[in-house]
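# A closer look at the structure
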Amino acid sequence: MRKSTSLFTQLFARFLKSRRTRHLFRRRVILESLPRKSRAEALPDLLNRQLVQQATQDLPSLLARLGSRQQGLSPREAAAIRARVGPNEVEHEKPMPWWLHLWLSYKNPFNLLLTALAVLSYATRDIKAALVIGCMVALSTLIRFVQERRSSQAVQALKELVSNKATVIRRGNAAAKTAANARHPTAAGPGMPTAGQVELPIRQLVPGDIVRLSAGDMIPADCRVMVAKDLFVSQSAMTGESLPVEKFPEATAQSQGALEMASLVFMGTNVVSGSATVLVLATGNSTYFGTLATRVTAATPEVNAFQVGVNKVSWLLIRFALVMVPVVFLINGLTKGDWIQAFLFALSIAVGLTPEMLPMIVTSTLAKGAVILSRQKVIVKQLDAIQNFGAMNVLCTDKTGTLTQDKIALARHTDVFGRDSEEVLGLAYLNSYYQTGLKSLLDRAVLEHAEVPQALQLAENYSKIDEIPFDFQRRRMSVVVSERSHHHELICKGAVEEVVAICTHARDGGNTVPLDAAMLERAHRVTREFNERGLRVVAVAMKEIPPSQEVYSVADESALTLIGYIAFLDPPKESTAPALKALAASGVTLKVLTGDNELVTAEVCRQVGLAVKGVMLGAQLDTLDDKALAGAVEQHTIFAKLSPLHKERIVRSLRGNGHVVGFMGDGINDAPALRAADIGISVDSAVDIAKEAADIILLEHSLMVLAAGVIEGRKTFSNMLKYIRMTASSNFGNVFSVLIASVFLPFLPMLPLQLLVQNLLYDVSQIAIPFDNVDAELVSQPLRWNPDDMGRFMVYFGPISSIFDIATFAVMWYVFKANSVAQQTLFQSGWFVVGLLTQTLIVHMIRTPKIPFIESRAAWPLTAMTLFIMAAGIILPMGPLASYFKLQALPLAYFGWLATILLGYAVLTTLMKRYYIRRFGWQ
């Protein structure tokens, strides 16, 4: 034992000797000292500070700190580090085991109560009741389980296939260099090693590895740039910034944010152009991406608005049953003296009061909505999300890739004064077409104008003479072309300040005028206006040169004429404007949450017709406490320059204000907000972590399915509400009727078996509710659960059925003389039919605020089911099975009274509905 303890002590001491391990240990100590709730928030801040420090540290010191060197790690060193820090894999949300998913599909208050009632019925030898209740529970559970399981499998099939290898410099791997150098021929810079390159699976990378990157590569870890050549990286998935960012070995940005550091590249981003050699700083869950992924996958799913609403309504009805059932039991036991029969009757009342079809109606309605949305290329991962779609009154959306196409497009081509100019477009096209260097995204956007070559007659009129390449000191490039061998044209394109600095004249219509101070101010005014609208502006200038000159240099870039500007923007998707308009018309407020700057975001909002009420930046948000933020989120439309945690905080603040919040995004930086929202919406091209955090995934780029989803969610909710209102009001009335009958009648108003059969027939009649039509007025605004309204609805509409139940009692007692124990079967048969028919009819009365059958008609499946059950209810006491259920045939005169009672019930319910709508409204 002593030897083992000594060995453990030695191993632990060796563990602490590692510099990286000491750092990780210190970070864990800091985290452990924080309250549990704040650790998740603190970790990104600690990582941010660490990355900023590594971005500014000199390379030799950083290499030494990571235990690496210019020639890279040896395989043995890499293996030792990997054993300590683990593979370079980001934690993903693990698929839920089938048994746990089945349990979660079953677990809700009603299913638990119904299971208890089924067990109790079985214990009292009421096998039929136990079977009926058990079937209801099993059906609702299995429908939800199967539908959600299918959606989960579809989401797994959407996982992106990305490059899974990286080119790594490893000492002792010189034999593998040929293939790696062929893949990255320009990656190395001066003084960098070219031997020992090897292709390795990304999961094998460790901190301290040196990796070669080139255009098209996914960046496999958080890295420090050591050498770069024209390196442009797309960080839109991380920051929301649509334009690629140039990276350098030096940390040029004096910022506290790691994502703004020019010397850092991050896992989950990709190289657009250029090449680089980088040093791996962090891998797996220790990366910036991994930290966000851990935060999302480790978070316990929050109870959404739908679940809260269902639970509140469920417990309202359960509490009502828990109060009334004992009262019925005591009254019948005391008045009849048969406590066993009283217990069985009370148990039947409990079954009747419990809307056992609710789980099945809710699940089948949601499943129907999921099927409809799947036809519109929408995957519903969580069925509850469909109703949350309908209840959603605030939609927060990311900008890049969600509202926009996540590509650069030429938005304007104007002269010096901002007037559209085809000459500017033509010159810009010639410059981009004839340059031989790496074509940037801006060049590609210009070259997409395929009509220009035909207009210029490019092949016939122009030929290239020379080129002055781009460099980052001049920030411009020029081509020289010959136009019909008549003269040469030097066409220069680049940053506005650099191009204007070499211009002496400007083009004003057909004239060339001196570029004096007044003209310069007018020119700058145009570029400022473009910049304020979020456009990226490039200046275009030219000069004509005699055809005798053959070789050109930077010195020739002088005395140019400023022709105009080309301006670029990430354009909105074609479906964005109509989708946002449809959502606004449906009562959904739009808010844009983006990591991009506020000017670009405001311009996109202008293009899609979204009115901007206010703009708030992430830095301003940091200064607000939760109370101040709760007010700010209501007063602003655009929230720009946000971090992932900013987005999450805004979503939580909106939910705290009582809103049902949806969030739509596709990037790494959107994942925390997707998880925090009531309904997370992503797209098929999103990163895996965003799809895992989402509840709904759009399989096509059109956003119009959002508006369709909102309407479908509201239809789903409206149909669920029909069943709940109908059940709650009729059950409330039935209890009063039973209480009155139990006090005054010498026999039970209905036998337990009859009550269960009536309840079963009534439940079967409601199976078609998910397929019912919904009035357009009911889906024009967000719909939400309102337990208070449900209780009020029970009080107003429940007693109406009691009035006609009592009328039925009177008719059976006085008209048909069913006023003794010997005549109880006739009495029970009469109330059985009236009770079933009024319960079945009520759904048509309360399914719409309009006049039923005239202004609004139910769907044919619901109408057919209603007629079928009403016929079955009448045939049952009149047919051969009557004696089995202890019923008897009713006299012909009874049916005249039946028609009168049903007509009176329909009229009084309609009048009460109109009064209720005037006073409380209807949803």
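Residues numbered from 1 in each chain as written. Predicted model: local features only at pLDDT ≥ 70, side-chain atom pairs only at ≥ 80, totals over all residues. Heavy atoms only, no water.

Next up on the list: the overall build of the protein chain. Per the secondary structure count, the protein chain includes 34 helices and 23 strands. Contacts in the protein chain between residues at least 24 apart in sequence constitute 75% of all its contacts with a sequence separation of at least 6. As displayed, the protein chain has an accessible area near 39000 Å², and 60% of this comes from carbon and sulfur atoms. (Helix = DSSP H or I, 4+ residues; strand = E, 2+ residues; numbered from the N terminus. Contact = heavy atoms within 4.5 Å. Areas by Shrake-Rupley, 256 points an atom, 1.4 Å probe, with all protein chains shown as cover.)

Let us now look at a nonpolar patch on the surface. Nonpolar side chains collect at one region of the surface, where Ile803, Leu903, Val907, Leu908 and Leu911 lie side by side and expose about 450 Å² of accessible area between them. When residues in the nonpolar patch are grouped by element, the largest group, four residues, is from helix α34 (residues 892–920). Within the element layout of this structure, Ile803 appears in helix α31 (residues 787–815). (Patch = residues over 30% accessible without salt bridge, like charges linked within 9 Å, V, L, I, M, F, W, Y side chains within 5 Å. Salt bridge = Lys/Arg side-chain N within 4 Å of Asp/Glu carboxyl O.)

Judged by how many residues are buried, strand β7 (residues 270–282) sits mostly within the fold: twelve of 13 residues are covered. Both strand β3 (residues 210–214) and β7 contribute to a ladder of five bridges, which runs antiparallel. Of the residues in β7, the one forming a bridge with Leu213 is Ala276. As defined by bridge partners, strand β4 (residues 222–234) adjoins β7 across ten bridges and the pair is classed as antiparallel. For Arg224, the partnering residue across the bridge sits in β7 and is Leu279. (Buried < 20%, exposed > 50% of the residue type's maximum accessible area, 1.4 Å probe, protein only. Pairing = 2+ DSSP bridges.)

Glancing now at the sheet that holds strand β9 (residues 394–397). An order of β8-β23-β22-β21-β9-β18-β20-β19 is seen for the eight strands of this open sheet, with the pairing classed as mixed. Two strands lie at the open edges of the sheet, namely β8 (378–380) and β19 (615–617), each paired on one side alone. On average, each strand axis in the sheet is tilted by 20 degrees relative to the strand beside it, whichever way the strands run. Where strand β18 (residues 589–593) lies against strand β20 (residues 638–640), two bridges are found, and the strand directions are parallel. (Axes fitted to C-alpha atoms, helices over the stretch in contact; angles between N-to-C directions.)

Enumeration over the complete set of coordinates arrives at 22 salt bridges. The shortest N-O distance in the salt bridge between Glu89 and Arg203 comes to 2.7 Å. Linking Glu89 in the loop between α5 (75–85) and α6 (98–106) with Arg203 in the loop between β2 (197–201) and β3, this pair joins segments that are 114 residues apart in sequence. What makes Arg203 partly exposed here is its relative accessible area of 41%. A salt bridge links Arg847 to Asp772, with the nearest nitrogen and oxygen atoms 2.8 Å apart.

A word on helix α23 (residues 598–607). Buried within α23 we find Val600, Thr601, Glu603, Val604 and Cys605. Elements that come into contact with the buried residues of α23 comprise β17 (560–569), β18 and β20. Phi for Gly609, located one or two positions after α23, is positive at around 80 degrees.

So, about the nonpolar core. In this structure, Leu395, Ile681, Ile696, Leu698 and Leu706 are the most contacted members of the largest nonpolar core, which totals 122 residues. Considering every element that reaches this core, the biggest residue donor is helix α29 (residues 704–744), with 15 residues. Setting aside anything within four residues of it in sequence, one finds Ile681 in contact with Phe389, Leu395, Phe663, Met664, Gly665, Leu674, Ala694, Ile696, Leu698 and Leu706. In this structure, Ile468, Ile502, Ala506 and Met519 belong to the second largest nonpolar core, which totals 30 residues. (Core = buried A, V, L, I, M, F, W, Y, C linked by side-chain atoms within 4.5 Å.)

The subject of this paragraph is α34. Compared with the 42 Å implied by 1.5 Å per residue over 29 residues, the 42 Å span of α34 between its first and last C-alpha is a close match. For α34, the complete set of buried residues consists of Tyr894, Leu898, Ile901, Leu902, Tyr905, Ala906, Thr909, Thr910, Lys913 and Tyr916. (Expected span 1.5 Å × (residues − 1).)

Angle between the axes and distance between the axes: these two values describe a pair of packed helices. At a minimum axis separation of 10 Å, helix α32 (residues 824–846) and α34 run at an interaxial angle of 35 degrees. As α32 packs across α34, the resulting crossing turns out to be right-handed. Contact residues: α32 offers Gly830, Val833, Val834, Leu837, Thr838, Leu841, Ile842 and Met845, while α34 offers Tyr894, Leu898, Ile901, Leu902, Tyr905, Ala906, Thr909, Thr910 and Lys913. (Left-handed = near helix turned anticlockwise from the far one by under 90°.)

A separate point is unusual backbone geometry. Positive phi outside glycine occurs at Gln457, with the angle close to 55 degrees. In this fold, Gln457 is placed in the loop between α18 (451–456) and α19 (458–461). Given a relative accessible area of 43%, Gln457 falls into the partly exposed group.

This part is about the packing of aromatic side chains. Within the structure shown, the criterion is met by 18 aromatic pairs. Pairing Phe809 with Trp831 gives two aromatic rings, centres 5.0 Å apart and planes at 70 degrees, and the pair type is edge-to-face. In this pair, Phe809 sits in helix α31 while Trp831 sits in helix α32, placing the two residues 22 residues apart along the sequence. Both residues of the pair, Phe809 and Trp831, belong to the buried class. Within the aromatic cluster, the residues linked to one another by ring pairs are Phe793, Tyr796, Phe797, Tyr915, Tyr916 and Phe920. Positioned above the aromatic ring of Phe920 is the side chain of Arg792, whose terminal nitrogen or guanidinium carbon lies 4.3 Å from the ring centre. (Phe/Tyr/Trp six-rings, centres within 6.5 Å; stacked < 30°, edge-to-face > 60°. Lys NZ or Arg CZ within 6 Å of the ring centre and 35° of its normal.)

So, on to the side chain of Arg212. Its place among the elements puts Arg212 in strand β3. A polar atom in the side chain of Arg212 sits 2.8 Å from the side chain of Gln197. (Polar contact = N/O pair within 3.5 Å; in protein donor to acceptor, adjacent residues only side chain to side chain.)

Across a regular strand the side chains alternate sides, sitting on one face of the sheet and then on the other. Most of strand β16 (residues 536–545) sits out of view: eight of its ten residues are buried. Of the pairings in the sheet, the one linking strand β13 (residues 487–495) to β16 comprises eight bridges and is antiparallel in character. Paired with Leu490 across the two strands is Lys543, which belongs to β16. As paired strands, β16 and β17 are joined by seven bridges and run antiparallel to one another. Paired with Arg536 across the bridge in β17 is Phe568.

Along the chain, the position of Asp695 falls in the loop between α28 (688–693) and β23 (696–698). Along the primary structure Asp695 and Gly680 are separated by 15 residues, whereas in three dimensions their C-alpha atoms are 5.0 Å apart.

The next thing to look at is the environment of Leu890. Within the secondary structure, Leu890 sits in the loop between α33 (860–878) and α34. Remark: the alpha-carbon pair of Leu890 and Gly830, spanning 60 residues in sequence, is separated by 7.0 Å. In contact with Leu890, other than residues within four places in its own chain, are Met812, Leu826, Ser829, Gly830, Val833, Pro877, Met878 and Phe895.

Before going further, it helps to spend a moment on the packing of α29 against α32. Running from amino to carboxyl end, α29 crosses α32 at an angle of 150 degrees, the nearest separation of the two axes being 9 Å. One finds that α29 runs roughly antiparallel with respect to α32. Remark: the crossing between α29 and α32 carries right-handed chirality. Two secondary-structure elements touch here, α29 through Lys722, Arg725, Met726, Ser730, Asn731, Asn734, Ser737 and Val738 and α32 through Trp831, Gln839, Ile842, Val843 and Ile846. Looking at the contact of α29 with α32 residue by residue, the class counts come to six nonpolar, five polar and two charged. (Parallel < 35°, antiparallel > 145°, perpendicular 65-115°, else oblique. Nonpolar A, V, L, I, M, F, W, Y, C, P; charged D, E, K, R; others polar.)

Here the focus is the confidence of the model for the protein chain. Of all residues in the protein chain, 83% have pLDDT values of 70 or greater, and the mean over the chain is 79. Per-residue pLDDT stays below 50 along residues 158–163; that stretch engages in 15 contacts with residues further than four places along the chain or on separate chains. Taken as a whole, residues 174–195 scores under 50 in pLDDT and shows 45 contacts with residues more than four places along the chain or in a different chain. (pLDDT = per-residue confidence, 0-100.)

Attention now goes to the state of the cysteines. In this structure the tally under the stated criterion is zero disulfides. Free cysteine Cys492: the closest other cysteine sulfur is in Cys503, separated by 7.3 Å. Residue classification places Cys492 among the buried residues on the basis of a relative accessible area of 0%. (Disulfide = S-S within 2.5 Å.)

Topologically, Arg784 is positioned in the loop between α30 (752–765) and α31. Separated by 70 residues in sequence, Arg784 and Arg714 place their C-alpha atoms 9.1 Å apart.

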